[in-house]
Amino acid sequence: MSEEATPTKATLYERIGGEAAVNAAVELFYRKVLSDHRINRFFANTNMDEQIAKQKAFFTMAFGGPNTYTGTDMRNAHAALVKRGLDDSHFDAVMEHLGATLQELNVPADLIGEAAAIAESVRNDILGK
Amino acid sequence: MKKIVLGNQEMSCQSDETLLDALLRHEVAIPYSCRQGVCQSCVVRSLDVVPPLLSQRGLKDVQQKQNYFLACKCYPEHDMEIALSQQASFFTEGTVVGKALLNTETVLLSIQCNDALDFYAGQFVNLQRADGLTRSYSIANSRLHATELTFHVRRLPGGRFSEWAHGDLQIGDTLKVSEPQGLCFYLPDRPEQNMLLIGTGSGLAPLAGIISEALQQGHTGDIYLFHGSRDREGLYWIEEMQALQQQYSNFHYTPCISNGLVPDGFAQGRANDVAMQALPKLNAWRVYLCGHPDMVNQTKIQAFLKGASSIDIYSDAFHVTPDLTPSSATTTIS
Ligand code: HEM
Ligand code: FES
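Residues numbered from 1 in each chain as written. Chains lettered and ligands numbered in written order. Predicted model: local features only at pLDDT ≥ 70, side-chain atom pairs only at ≥ 80, totals over all residues. Heavy atoms only, no water.

K.L.:
Would you take a moment to explain the sheet that holds strand β6 (residues 91-103) of chain B for this structure?
P.N.:
One key point about sheets: their strands pair by backbone hydrogen bonds, in either a parallel or an antiparallel sense. All names here are of chain B. With respect to topology, six strands assemble into an open sheet ordered β9-β8-β11-β6-β7-β10, the strand pairing being antiparallel. Only two strands of the sheet have a single partner each, and these edge strands are β9 (134-138) and β10 (148-154). Strand-to-strand twist across the sheet, computed as the mean angle between neighbouring axes with direction ignored, equals 40°. Here five bridges tie β6 to strand β11 (residues 174-178), and the two strands are oriented antiparallel to one another. Opposite threonine 92, over in β11, you have valine 177 as the bridge partner. (Pairing = 2+ DSSP bridges. Helix = DSSP H or I, 4+ residues; strand = E, 2+ residues; numbered from the N terminus. Axes fitted to C-alpha atoms, helices over the stretch in contact; angles between N-to-C directions.)

Shown next as structure tokens:
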């Protein structure tokens, strides 16, 4: 190990714009999700402010930002949804909205790809596989 | 090192330490998650100094004005006294100076307070009877009247406070009045912003306060009020609101009736549905909602899908609590 600090590449979260990017994305994304009949039943009947806070957590995580979630947390957070039928088709719909939201915000394609890869990496946890 | 006071506890905060870390080090039970200013679960309130600018980023303007801030983003610049959640502290005393029926179930109560209250139109206070029975009521007037406050008290069957207020409470009687509370209020910093206000029943009270405040402050954006009830009997101040509409070209009033016969000049349907049909888009609007929790929750989503930003949606839901439980921090009507 060298004593010198190796210049680390800025994280995706930093490159994408941090907290401000999360805030910009959340509302666009949540409107899409609530308007999508394939998946909005999973989000119905809940407190909107709490849901928005959870979408912030979603984006912070998808951007590789600071969060304390583990795969197990993601399993637990979505376990009730899996019982209600959450499957790959719903996961794909969410991925679609994630991509469309970031495109609308003019995030460069390579960064969108990185975010999608992070979200994709928890697919099995989310779906309880 | 700064001194932090929380209730009767005194703590230190080191200069390289966030307030959240200091609180956790002193084993204060404070919720938190991201430690990065994103989740807003660590929100606390300063009771004396203005919190550091950075610690207020992302909060609603009404929260910022009330010195709320995020503990995880706060390196205290001064000694501070803080509160974890919103607790009403002081009570001043007030004397009932007016009591008049607004409709068969709602009484307009006017209370002259011994001390002027520094409130924002739309906030609520706790009213306390001599034996300690306490309920929250929204202030129905603007800031022009800082000592004489008005409230709309709806009689609920079995509601100890409201039945007492309708019955035994007399002009000349005294009550204790708490510090003003709540985040559903008007700030005059964006006079051109369009505003939508939807209330059911006595939910008109804070909205009426907000409207008169906004009009007095010279608000230039359009102001739409939809007041709803099941029947004509549940509405009140109809002539007053119509007169206001005559006087101010930017104020628009629609009384809504959801059940039964709908006379001329009234809209048929629930107030939130009527509003959503009348207004195609709510982008950049400010929205105030007050009434039944189901109406409030549903309308929040409707307004959001029409383009209103969640940060611009303000609400006070009534929580009709059974009489045995203590009154909650949010508006309790009973
Ligand atoms: C694409 C990968 C996904 C990630 C990274 C993700 C992440 C998260 C996170 C961080 C939370 C907050 C957990 C908490 O703090 O309670 C959450 C909650 C939630 N997620 Fe996901 N999620 C994903 C996919 C999905 C899918 C496909 C659906 C449904 C179609 C979904 C529906 C929900 C719902 C409804 C909640 C709130 C649950 C509650 O109210 O407790 N998520 N998600
Ligand atoms: S802990 Fe998330 S905002 Fe402070």
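K.L.:
Looking at this structure, I do not really get the site of ligand 1. What am I missing?
P.N.:
Residue and element names in this part refer to chain A. Neighbouring ligand 1 are 19 residues, the closest being Lys54, Phe58, Tyr69, His78 and Leu86. Contacts to ligand 1 include lysine 54, whose side-chain N or O atom sits 3.0 Å from an oxygen atom. At a threshold of 2 Å from the grid points, most atoms of ligand 1 map onto the second largest pocket. Secondary-structure elements contributing two or more residues to the shell around ligand 1 are α3 (40-43), α4 (48-62), α5 (71-83) and α6 (88-104). Of the residues assigned to the shell around ligand 1, the class counts are 15 nonpolar, three polar and one charged. (Near = heavy atom within 4 Å. Polar contact = N/O pair within 3.5 Å; in protein donor to acceptor, adjacent residues only side chain to side chain. 1 Å grid on protein atoms, 1.4 Å probe; cavity = no way out; pocket = protein on both sides within 12 Å on 5 of 7 lines; lining within 4 Å. Sits in = over half its atoms within 2 Å of the grid points. Nonpolar A, V, L, I, M, F, W, Y, C, P; charged D, E, K, R; others polar.)

K.L.:
What is the right way to read the coordination of the iron atom of ligand 1 from this model?
P.N.:
Tetrahedral metal sites with four donors have an ideal angle of 109.5 degrees; octahedral sites with six donors have ideal angles of 90 or 180 degrees. Just one protein atom coordinates the iron atom of ligand 1, and that atom is A:His78 (NE2), at 2.1 Å. Considering the arrangement of structural elements, one finds A:His78 in helix α5. (Donors = N, O, S within 2.8 Å, 3.2 Å for Na, K, Ca; no water.)

K.L.:
Quick question: what am I supposed to make of the confidence of the model for chain B here?
P.N.:
As a note on interpretation, predicted positions should not be read in detail where pLDDT is low. All names here are of chain B. Confidence along chain B averages 88 in pLDDT terms, with 93% of residues attaining 70 or more. Here residues 319-334 is a poorly scored stretch, pLDDT under 50, and it has 43 contacts once near neighbours within four places are set aside; other chains count. For this predicted complex, the interface score ipTM comes out at 0.78, while the overall pTM is 0.78. (pLDDT = per-residue confidence, 0-100. Contact = heavy atoms within 4.5 Å.)

K.L.:
Which parts of the structure should I look at to understand the packing of aromatic side chains?
P.N.:
Working definition: an aromatic ring pair is given by the centre-to-centre distance plus the angle between the planes. Tallied over the entire structure, the rule returns 13 aromatic pairs over all chains. Ring-pair connections join several aromatic residues into one group, and the members of that group are A:Phe29, A:Phe58, A:Phe59 and A:Phe63. Here the basic side chain of A:Arg31 rests over the ring of B:Phe304, its NZ or CZ set 4.4 Å away from the ring centre. Positioned above the aromatic ring of B:Tyr314 is the side chain of B:Lys60, whose terminal nitrogen or guanidinium carbon lies 4.7 Å from the ring centre. (Phe/Tyr/Trp six-rings, centres within 6.5 Å; stacked < 30°, edge-to-face > 60°. Lys NZ or Arg CZ within 6 Å of the ring centre and 35° of its normal.)

K.L.:
Teacher, can you tell me more about α4(A) here?
P.N.:
The periodicity of an α-helix, 3.6 residues per turn, causes residues three or four places apart in sequence to face the same way. Residue and element names in this part refer to chain A. If you check α4, its first and last C-alpha atoms are 21 Å apart, about what 15 residues at 1.5 Å a residue would give, namely 21 Å. By the burial criterion, the buried members of α4 are Met48, Gln51, Ile52, Gln55, Lys56, Ala57, Phe59, Thr60, Met61 and Ala62. Looking at the residues trailing α4, positive phi occurs at glycine 64, about 65°. (Expected span 1.5 Å × (residues − 1). Buried < 20%, exposed > 50% of the residue type's maximum accessible area, 1.4 Å probe, protein only.)

K.L.:
In this structure, what is going on with the interface of chain B and chain A? I would like to understand it.
P.N.:
Think of interface size as the accessible area that goes away when the parts come together; that is how it is often given. Taken together, the contact between chain B and chain A spans 17 residues of the former and 16 residues of the latter. Both faces considered, chain B and chain A share a buried interface measuring about 1,500 Å² in area, 57% of it formed by carbon and sulfur atoms. Considering only the side of chain B, the residues that lose the most area to chain A are B:Val38, B:Ile301 and B:Phe304, jointly responsible for 37% of the buried surface there. Across the pair B:Arg57 and A:Glu19 runs a salt bridge, and its minimum N-O distance is 3.6 Å. (Buried area = accessible area lost by both parts, 1.4 Å probe. Salt bridge = Lys/Arg side-chain N within 4 Å of Asp/Glu carboxyl O.)

K.L.:
What's the story with the sheet that holds strand β4 (residues 68-70) of chain B in this structure? I'm lost.
P.N.:
All names here are of chain B. On the basis of which strands lie adjacent, the open sheet formed by five strands has the order β2-β1-β5-β3-β4 and mixed pairing. Each having just a single partner strand, β2 (9-13) and β4 make up the two edges of the open sheet. When strand polarity is set aside, the average angle formed by the axes of neighbouring strands in this sheet is 40°. By the bridge criterion, three bridges tie strand β1 (residues 2-6) to strand β5 (residues 80-83) in an arrangement that is parallel. The partner of isoleucine 4 across the bridge, within β5, is methionine 80.

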